[in-house]
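Examination of the molecular architecture
In case you want the letters, here they are:
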Amino acid sequence: MKSSKNPMALRLIAGLVAPVIAFSMSGCEVKKTQEGEMPEVKVEGGQVPKYDVETPELKVEEKTITVPDVDIVTPAEKRAGGNVEAGDPGTPAPAPAPAPAP
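Now for a quick tour of the structure. Every chain's residues receive numbers from 1 upward, in the order its sequence appears when written. Local features are withheld for residues below a pLDDT of 70 in this predicted model, meaning they are given only at 70 or higher, and side-chain atom pairs are given and counted only at 80 or more; totals for whole chains, interfaces and linings count all residues. Just so you know, side-chain values use all the structure's heavy atoms and leave hydrogens and water out.

1. Quick notes on the overall build of the protein
Test applied: We count a stretch as a helix when DSSP gives it H or I for four or more residues in a row; a strand needs E for two or more, and each element gets its number in order from the N terminus. Burial here depends on accessible area, computed with a 1.4 Å probe over protein chains only, as a share of the maximum for the residue type. Under 20% is buried, over 50% is exposed, and the range in between is partly exposed.
Each helix and strand counted, the protein has two helices and zero strands in total. Looking at the protein residue by residue over its 102 residues, the buried ones come to 2%.

2. Quick notes on a nonpolar patch on the surface
Inclusion rule: Within the patch definition used here, like charges are joined within 9 Å and nonpolar side chains (Val, Leu, Ile, Met, Phe, Trp, Tyr) within 5 Å, considering only residues with over 30% relative accessible area and no salt bridge. Computed with a 1.4 Å probe, the accessible areas rest on the Shrake-Rupley method; for each residue, only the protein chains presented here act as cover. We define a salt bridge as a side-chain nitrogen of Lys or Arg found within 4 Å of a carboxyl oxygen belonging to Asp or Glu.
A contiguous nonpolar patch, built from Leu12, Ile13, Leu16, Val17 and Ile21 and spanning about 480 Å² of accessible area, is present on the exposed surface. The residue Ile13 is located in helix H1 (residues 7-26) in this model. On the basis of relative accessible area, Ile13 is assigned to the partly exposed category, the value being 49%.

3. Re the pattern of salt bridges
Taken as a whole and assessed by the stated rule, the structure comprises two salt bridges. Residue Glu35 is joined to Lys32 by a salt bridge in which the shortest nitrogen-to-oxygen separation is 3.3 Å. As far as the burial class goes, Glu35 and Lys32 line up, both exposed. Between Glu44 and Lys42 there is a salt bridge; the shortest N-O distance is 3.2 Å. With relative accessibility at 63%, the residue Glu44 sits in the exposed group. Judged by its relative accessible area of 71%, Lys42 falls in the exposed class.

4. A word on the environment of Glu77
Our working definition: Within 3.5 Å is the distance limit for a polar contact, defined as a pair of N or O atoms, with the added protein rule that one can donate a hydrogen and the other accept it, and that residues adjacent in sequence qualify only through two side-chain atoms.
Tracing the chain through its elements places Glu77 in helix H2 (residues 75-80). Looking at Glu77, its side chain comes within polar contact range of the main-chain nitrogen of Thr74, at 3.0 Å.

Shown next, in the form of structure tokens:
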């Protein structure tokens, strides 16, 4: 049975709550004003409960995922003519010749 809780959301919440707790604790000053002592307790009899626990079976499988190879050609690279294969629709046209000066 899968858990319905999103682990990413739990990490985000923990990441937000931990600094708040740390900050609130750093604003406190604690001073002991009186010594404490343990109470005297007499314990007789009792029984620790017993449990039968059935754990789920865990199977770990290794999978191979093929990741596509992506080439990105920026507009500046297209204009400069770099990193573009011949026949690519993004290949820039030759620059026009400058007009003669009057």
